[in-house]
Amino acid sequence: MPVLDARSLQKSLGTRTLLGGVSLTLEEGERVGLVGPNGCGKSTLARILAGLDTADVGELSLRRGAKVLYLSQEPTFEGDPGALDAVLEGLSEWREARQAHAEASERLARGEGGDAALNALSQAAHAIDRLGGWDREHEARAMLQHLGILRLDAKVTSMSGGERRRVALARLLVSRPDLAILDEPTNHLDVETIEWLEKYLAGSFQGAVLLVTHDRWFLNQVVTRTLELERGAMHDYEGGWEEYLEAKAERAGLEQRAEANRQNLLRRELDWLRRTPAARTGKQKARIHRAEKVIANTPPARERGVELSMDATRTGRTIVELNGVSLDIGGRRLVKGLDLSLTKGERIGIVGPNGCGKSTLLRALLGQLEPAEGTIVRGSSIKVAYLDQHRGGLDMAASVAENVAPNARYVDWGGRRMELVSYLERMLFDADQQRQPVGALSGGERARCSSRGCCSRARTCSCSTSRPTTSTPPPWPRSRRCSRTSRAPRSW
């Protein structure tokens, strides 16, 4: 039985068409993945299906009484609740029924209310049973513990991005919606939590699930059907990521063969049209119209990739050294007695559960946080590029171009001077998007805008990327171009 049915949804953002007549149906208990390039409209479609946004054209039908909940990429909370209180916000009807039951019980204990109090008590008890029973608060506590939130009274504003994400996820799952729309649910989650979520969604969760994610392994483990949103059109494939790739490759092969046939027909018709008018007067007008139609048809759009370049800077062998470093946040010791030496050319990964201090350690390396104990020695001729999980430093009201290179027409990219427009096109921002405010971009596009490169405010790391700068010479020594230019892999 369908939980949700959407027909001919259309949505445009300026001159961009995000949804060009999209139709889909989500059945009860179904597990569906939604994939597509950054900025193609996945989050927009998810918000429309959740009732948070409206389509320009189209119809959206929900099963009577169905509850649809949406997990956004950046969840918000009213006020500054503790973790448990934030999760219990998802049980507002149950809490109201519990409150009504408690009030009716008190009135009866005082000998007040009579039949009215008895009726209120009975109605509240029925509502509690209908909403899941008397142990929903216990369920909320257990859900938080499954997701690794052990301090139930901790304020959400003091939590890391991953911890807030877990609290929002617990709030949604405890609410038991008929349809859960999860937008990038694995972002900021550690491996253990992702594995638990895979098992829970695939086995224990009773409602339907729509996953908007780039996590290929997660899709393979959870979904039974994959939807691809591409250039405003929806393509439907059975199975998870691997089945989707196979079916997409087959569809791409068919498109290539159809385009090859069109090109052959186009050459023949163009030869015919280029003949002298006298030779064409006796020809059928239907063929002329057919030739014009073939000429008017456009080939399938080619996929574009981000072009990257890296610089190599003349530095000493040692980039940064940590000697007995300890880091404290809010009275908690996250890092204790760390010794680390980062040398030129090394590639280091930092892993660990949410809230263990990974981002805190990076802030210390950047010089934004002083260690409680120990010393951090940074090289004098190095520069840093830092991309934080919250895409800090972006002005949401300013345009993409203003964020990347304010008041500049040219950038220094890969050791050469380039027009800002051309540079942004290499980063897959077309002319219209370059003038859009960053707040109108998708999460992936904001990350692409944030990854514009080396931060001139701190120079403490050798992992230099292609940050565009104005034509003013930098205060550090001119770097030598590495000449390693590559095409980034697909982001989904």
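Everything here concerns the structure above.
Note that this is a predicted model, so its numbers are computed, not measured. (Residues numbered from 1 in each chain as written. Predicted model: local features only at pLDDT ≥ 70, side-chain atom pairs only at ≥ 80, totals over all residues. Heavy atoms only, no water.)

Novice: Please clarify how the pairing of strand β8 (residues 225–230) should be interpreted in this entry.
Specialist: The side chains of a regular strand alternate, residue by residue, between the two faces of the sheet. Taking burial as the measure, the 6 residues of β8 include 6 buried ones, the bulk of the element. Side chains Arg225, Leu227 and Leu229 of β8 all project onto a buried face; the interleaved residues Thr226, Glu228 and Glu230 project onto the opposite face, where all are buried too. For strand β3 (residues 31–35) and β8, the ladder comprises 4 bridges, and the chain directions are parallel. Counterpart to Val32 in the pairing with β8 is Arg225. Sheet analysis places β8 next to strand β9 (residues 233–238), joined by 6 bridges and oriented antiparallel. Each bridged residue has a counterpart across the sheet, and for Glu230 the counterpart in β9 is Ala233. Joining the antiparallel neighbours β8 and β9 is a turn of 2 residues, in which Arg231 adopts a positive phi near 50°. (Buried < 20%, exposed > 50% of the residue type's maximum accessible area, 1.4 Å probe, protein only. Helix = DSSP H or I, 4+ residues; strand = E, 2+ residues; numbered from the N terminus. Pairing = 2+ DSSP bridges.)

Novice: Help me understand the packing of helix α5 (residues 136–146) against helix α6 (residues 161–174), please; the structure alone is not making it clear to me.
Specialist: Interhelical geometry of α5 versus α6 gives an angle of 145° and a closest axis separation of 9 Å. Relative to α6, the crossing made by α5 is right-handed. Residue-level contacts link Arg136, Glu139, Ala140, Met143 and Leu144 of α5 to Val167, Ala170, Leu173 and Val174 of α6. Its residues assigned to classes, the contact of α5 with α6 comprises 7 nonpolar, no polar and 2 charged. (Axes fitted to C-alpha atoms, helices over the stretch in contact; angles between N-to-C directions. Left-handed = near helix turned anticlockwise from the far one by under 90°. Contact = heavy atoms within 4.5 Å. Nonpolar A, V, L, I, M, F, W, Y, C, P; charged D, E, K, R; others polar.)

Novice: In this structure, what is going on with helix α4 (residues 114–130)? I would like to understand it.
Specialist: Turn by turn, an α-helix covers 3.6 residues, leaving residues three or four places apart pointing in a common direction. If you check α4, its first and last C-alpha atoms are 25 Å apart, about what 17 residues at 1.5 Å a residue would give, namely 24 Å. The set of residues buried in α4 consists of Ala117, Ala124, Ala127 and Ile128. End-on, the buried residues of α4 take up no more than an arc of 100°, which puts them together on one face. Residues Asp115, Gln123, His126 and Arg130 are exposed on α4 and point more than 90 degrees away from its buried face. Positive backbone phi, at 120°, marks Gly132, one or two positions downstream of α4. (Expected span 1.5 Å × (residues − 1). Arc of directions from axis to C-beta.)

Novice: Whenever I open this one, the sheet that holds β9 confuses me. Can you help?
Specialist: Strand pairing within a sheet occurs via backbone hydrogen bonds; the two strands may be parallel or antiparallel. Ordered in space as β5-β6-β7-β3-β8-β9, the 6 strands form an open sheet in which the pairing is mixed. Looking at which strands have only one partner, the edges of the open sheet turn out to be β5 (68–71) and β9. Strand-to-strand, the axes of this sheet are offset by a mean angle of 20°, without reference to chain direction. Relative to strand β7 (residues 208–212), β3 runs parallel, the two sharing 4 bridges. From the neighbouring strand, Gly33 faces β7, where its bridge partner is Leu211. Against the sheet, helix α1 (residues 42–49) contacts β3, β5, β6 (179–183), β7, β8 and β9, and its axis sits at roughly 150° relative to β5. Packed on one face of the sheet, α6 meets β5 and β6 and runs near 170° to β5.

Novice: Just to check I follow, could you spell out the pattern of salt bridges for this structure?
Specialist: A side chain of one charge can pair with a side chain of the opposite charge if their charged atoms are brought near each other. Under the defined criterion, the tally for this structure stands at 17 salt bridges. Across the pair Asp56 and Lys11 runs a salt bridge whose closest N-O atoms are separated by 3.9 Å. In this pair, Asp56 is assigned in the loop between α1 and β4 (57–62) and Lys11 in strand β1 (residues 2–13), connecting sequence segments 45 residues apart. On the basis of relative accessibility, which here comes to 47%, the residue Asp56 falls in the partly exposed class. Within this structure, Glu228, Glu230, Arg231 and Lys248 form a network of salt bridges that share partners. (Salt bridge = Lys/Arg side-chain N within 4 Å of Asp/Glu carboxyl O.)

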